[in-house]
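# An overview of the molecular structure
The primary structure of each chain is shown beneath.
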Amino acid sequence: MALKLRSQMPELTGATEWLNGQLTKEDLVGTKPTLIHFWSISCGLCKEAMPNVNDFRDKYKDQLNVIAVHMPRSEKDLDLEEIKKVAAEHEIDQPIFVDNEHKLTDAFENEYVPAYYVFDEEGQLRHFQAGGGGMKMLTKRVNRVLGIKE
């Protein structure tokens, strides 16, 4: 079972490595809402959804923090060079928390890739969704957290 709505954002600790810069929960909470998305190099749906996530990141860059969490699903997913290569191919230039030991995955109680967690400015979980589709729903929820009328 994933984090419950209104839960506080877990601390961003236990990364095997950070790519594209490192962040802490303190860097995020109190500044602006945050989207944390879990993905894996072995996940076809994740790769299909990535252009949408990137559009999203670019569209809301001044209003929304976006962080990627690489959650390995097999031994092959642990290869750091492969993670870097796939991240570059899919233009994932936001900070990436490489979670080879599943420390953040466990803190989020996350079982899925792709999975999306939207936290408000105070670090409270406002929306969770898993699976490939549903960018419309994610957009709606982010707009609500940002106070944007549709």
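Residues numbered from 1 in each chain as written. Predicted model: local features only at pLDDT ≥ 70, side-chain atom pairs only at ≥ 80, totals over all residues. Heavy atoms only, no water.

### Some remarks on the side chain of Asp120
What counts is decided by this rule: We count a stretch as a helix when DSSP gives it H or I for four or more residues in a row; a strand needs E for two or more, and each element gets its number in order from the N terminus. When accessible area is computed with a 1.4 Å probe and restricted to protein chains, residues below 20% of their type maximum are described as buried, those above 50% as exposed, and intermediate ones as partly exposed. In this description, contact between two residues means that some pair of their heavy atoms is separated by no more than 4.5 Å.
Tracing the chain through its elements places Asp120 in the loop between strand S5 (115-119) and strand S6 (125-130). Accessibility expressed as a relative area gives 8% for Asp120, which makes it buried. Residues contacting Asp120, with those up to four places away along its chain left out, are Pro33, Arg126 and Val145.

### Quick word on helix H5 (residues 135-146)
For clarity, the cut-off: Residue count minus one, scaled by 1.5 Å, sets the expected span of a helix. Here, the arc refers to the directions that run from the helix axis to the C-beta atoms.
Helix length check: H5, at twelve residues, gives a terminal C-alpha distance of 16 Å against a target of 16 Å (1.5 Å per residue), a fit within 8%. Those residues of H5 lying buried are Met135, Leu138, Val142 and Asn143. Buried residues in H5, looked at end-on, bunch into an arc of 135°, giving them a common side. What points out from H5, more than 90 degrees from its buried face, is the exposed set Lys136 and Arg144. Residues of H5 that are buried make contact with strand S2 (34-39), helix H2 (44-59), S5 and S6. Note on H5: the residue one or two positions beyond its end, Gly147, has a positive phi of about 75°.

### So, the pairing of S2
Regular strands place side chains that alternate from one sheet face to the opposite one. The test is simple: At least two bridges found by DSSP between two strands is the condition for calling them paired. Orienting the strands away from the viewer, one traces the path from the first strand over the helix to the second; a clockwise path indicates a right-handed crossover.
Within S2, six of the six residues are buried, which leaves the element mostly enclosed by the surrounding structure. The alternating pattern of S2 places Thr34, Ile36 and Phe38 and Leu35, His37 and Trp39 on opposite faces, both of which are buried. In this structure, S2 lies alongside strand S3 (residues 65-70), joined through six bridges in parallel fashion. Along S3, the bridge assignment pairs Ile36 with Ile67. In this fold, S2 hands off to H2, which returns the chain to S3; that crossover is right-handed. The pairing of S2 with S5 spans five bridges and is antiparallel. Looking at the pairing, Phe38 lines up with Ala115 of S5.

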